[in-house]
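# Residue-level structural notes
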Amino acid sequence: MSDIALHAGLVGQPGSREQLNTPVLVVDRAVLEANIATMAAFAAAKGLKLRPHAKTHKSANIARLQLAAGAVGLCCAKIGEAEALAAQGVSIGLLITSPVVSAPAIARLVALNLTTEGLKVVVDHPDNVAALGAAASASGKPLEVLIDLDPGIHRTGVASPQAAVALLEAIRGQAGLSYAGLQCYCGVQQHIEAFDVRKTALEDRGAYIREVIDALTAAGGAPAIISGSGTGSHRIDAELGLFTEFQVGSYVFMDDQYLACDLAGEGTNASPYQRSLFIDARVVSANSPGMVTVDAGFKAMSTDADPPQVVAGAPEGSRYFFMGDEHGALVPSSGSPPPLGARVTLAAPHCDPTVNLYDAYHVVEGDTLVAIWPVTARGRSR
């Protein structure tokens with residue numbers, strides 16, 4: 001039975017969070033909406049557009065909140081995410097931030113272009129430009145493309161100003177394509193914890209991005225859209241003045257990796273965004289002195305970050321340890337562990353892959369379940 005069917009009858013009942021089957025993905029609605037409003041206000045004050053990254057939440061419901069707050073569209077990591085959002089009516093201003101290369105994927109892309117408004121995709125190779133141009137021409141509707149710039153990690157993107165200009169010329173040679181601008185996402189720099197160190201690193205990358213922009217401009221291809229930035233860099237990027245729009249994503253949830261960063265240069269305790277995403281678990285065994293076992297293990301959360309913090313339901317300072325696929329250990333630093341059956345709330349580690357493990361968000365106000373939102377694009381990794 002799906003989470004939606006399992007818990008639908010609890011929506012609106014006071015205290016219904018306590019009745020949820022665990023492990024369960026929980027969103028604090030007030031904090032989520034405050035995070036969205038804070039980022040929207042910041043962007044508006046700086047004269048910047050937001051095209052938030054949906055790979056974080058994969059949710060049509062959250063995408064609609066972001067659009068209502070002024071976002072011009074959504075970024076999607078893969079075409080499957082874009083298809084899933086479009087199928088739920090989120091179909092304006094989608095930008096696919098990874099190259100779409102295979103013939104089956106290109107066929108899906110041009111089909112999606114016919115049913116959406118303002119769809120865009122990045123390109124980084126002339127062969128891909130030729131394939132996209134041919135498919136778009138055959139479909140009868142031009143496709144907008146952005147040149148993807150490698151910030152230095154050699155994942156995707158053109159690797160030099162000269163390569164960017166050469167790709168611009170290739171795009172110009174395709175009647176089915178429309179050159180829309182430039183993308184550069186400096187992912188490595190996002191999680192540098194010290195503000196000054198992160199600022200220096202971003203200034204270095206900013207100088208390189210500026211060099212590429214200047215080369216494109218000199219070739220007659222001044223980018224109308226310069227898309228990039230992220231939750232960890234947006235405060236600094238706003239002052240550098242390179243980007244026209246931000247691809248911020250994790251600010252809606254804020255996991256431990258971002259909360260460890262001094263985002264605004266005011267200390268880690270002064271983050272403008274707060275944690276809104278949690279995993280509720282339950283004590284299922286309490287037979288060993290000084291510890292208990294909860295029903296959330298490797299299958300309940302991302303494991304590419306540190307183990308989750310225990311934020312409620314256990315003595316302050318309690319620590320979580322993975323105990324296998326289905327279980328975790330809870331060890332209090334002082335006092336007694338929670339009793340059998342007690343609900344324990346864990347902070348979601350790395351939010352993007354944690355979300356992808358669940359069918360739905362359980363949206364709460366206090367301890368009351370107020371909505372259940374599907375994870376619209378769960379599993380859409382292609």
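Sequence positions are assigned chain by chain, starting from 1 and proceeding in written order. The predicted nature of this model means local features are confined to residues of pLDDT at least 70 and side-chain atom pairs, given and counted, to a pLDDT of 80 or more, with totals for whole chains, interfaces and linings taken over all residues. Where side-chain values are given, they derive from all heavy atoms of the structure, hydrogens and water being excluded.

Residue pairs spaced three or four apart in an α-helix point in one direction, given the helix's 3.6 residues per turn. Its 24 residues place the ends of helix α8 (residues 195-218) 34 Å apart at the C-alpha level, agreeing with the 34 Å of an ideal helix rising 1.5 Å per residue. Throughout, exposure labels follow a simple rule: accessible area from a 1.4 Å probe, protein chains only, divided by the maximum for the residue type, with under 20% read as buried, over 50% as exposed, and the rest as partly exposed. Secondary structure follows DSSP: runs of H or I at least 4 residues long count as helices, runs of E at least 2 residues long count as strands, and numbering of each begins at the N terminus. Taken together, the buried positions of α8 are F195, R198, L202, R205, G206, Y208, I209, V212, I213 and L216. Should any heavy atoms of two residues lie within 4.5 Å, those residues are counted as being in contact. Against β6 (143-148), α7 (161-172), β7 (177-184), β8 (225-228) and α9 (234-240) lie the buried residues of α8. Note on α8: the residue one or two positions beyond its end, G220, has a positive phi of about 85°. Under the convention used throughout, the expected extent of a helix is 1.5 Å for every residue step, that is, one less than its residue count.

Glancing now at the sheet that holds strand β9 (residues 245-246). Strands in a sheet are paired, the pairing made by backbone hydrogen bonds, and the direction either parallel or antiparallel. Think of it this way: DSSP has to see at least two bridges between two strands before they count as a pair. Spatially, β2-β9-β8-β7-β6-β5-β4-β3 is the arrangement adopted by the 8 strands of the open sheet, whose pairing is parallel. If you trace the sheet from one side to the other, it starts and ends with β2 (49-50) and β3 (74-76), each paired once. Bridge count for strand β4 (residues 94-96) against strand β5 (residues 120-123) is 2 bridges, and the pairing is parallel. When the sheet's bridge partners are listed, L95 is paired in β5 with K120. As a rule, the C-alpha atoms of each element are fitted with a line to give its axis, helices using only the stretch in contact, and angles between N-to-C directions run from 0 to 180 degrees. Across the sheet, α8 lies against β6, β7 and β8, angled at about 160° from β7, the strand it touches most.

Okay, the domain arrangement of the protein next. Think of interface size as the accessible area that goes away when the parts come together; that is how it is often given. Throughout, the edges of the domains are those of an automatic or database domain assignment. Looking at the protein, the domain boundaries give domain 1 (3-27 + 275-374) and domain 2 (29-260). Tallying the contact residues gives 23 residues for domain 1 and 20 residues for domain 2. Taken as a group, R275, D352 and W373 account for 36% of the area that domain 1 buries against domain 2, more than any other trio of residues on that side. Whenever Lys or Arg places a side-chain nitrogen within 4 Å of a carboxyl oxygen from Asp or Glu, that contact is recorded as a salt bridge. For the interface between domain 1 and domain 2, the tally reads 2 salt bridges. The salt bridge involving K55 is made with D352; its shortest N-O contact spans 2.9 Å. Between N or O atoms, a polar contact is any pair within 3.5 Å; within protein, one atom must be a potential hydrogen donor and the other a potential acceptor, and residues adjacent in sequence are included only when both atoms are from side chains. Counting the contacts that link domain 1 with domain 2 gives 9 residue pairs in polar contact (both at pLDDT 80 or more). Of all elements in the fold, only α11 (351-355), β16 (360-365) and β17 (368-374) reach the threshold of two or more residues within the side of domain 1 that touches domain 2. Here the quantity called buried area is the total loss of accessible area, with a 1.4 Å probe, experienced by two parts when brought into contact, counted for both.

Bringing the packing of helix α4 (residues 79-87) against helix α5 (residues 103-115) into the picture now. Where α4 contacts α5, the two axes come as close as 11 Å, and the packing angle between them is 30°. Here α4 lies roughly parallel to α5, going by the angle between them. Considering how the two elements wind past one another, α4 and α5 form a crossing that is left-handed. Packed against α4, whose contacting residues are I79, G80, A82, E83 and A86, the element α5 presents A105, R108, L109 and L112 at the interface. By residue class, the composition of the contact of α4 with α5 is 6 nonpolar, 1 polar and 2 charged. By definition in this entry, angles of less than 35 degrees are roughly parallel, angles greater than 145 are roughly antiparallel, angles of 65 to 115 are roughly perpendicular, and the rest are oblique. Crossing chirality is assigned from the near helix's rotation relative to the far helix, an anticlockwise turn below a right angle marking it left-handed and a clockwise turn marking it right-handed. Each residue gets one label: Ala, Val, Leu, Ile, Met, Phe, Trp, Tyr, Cys and Pro are nonpolar, Asp, Glu, Lys and Arg are charged, and the others, such as Gly, are polar.

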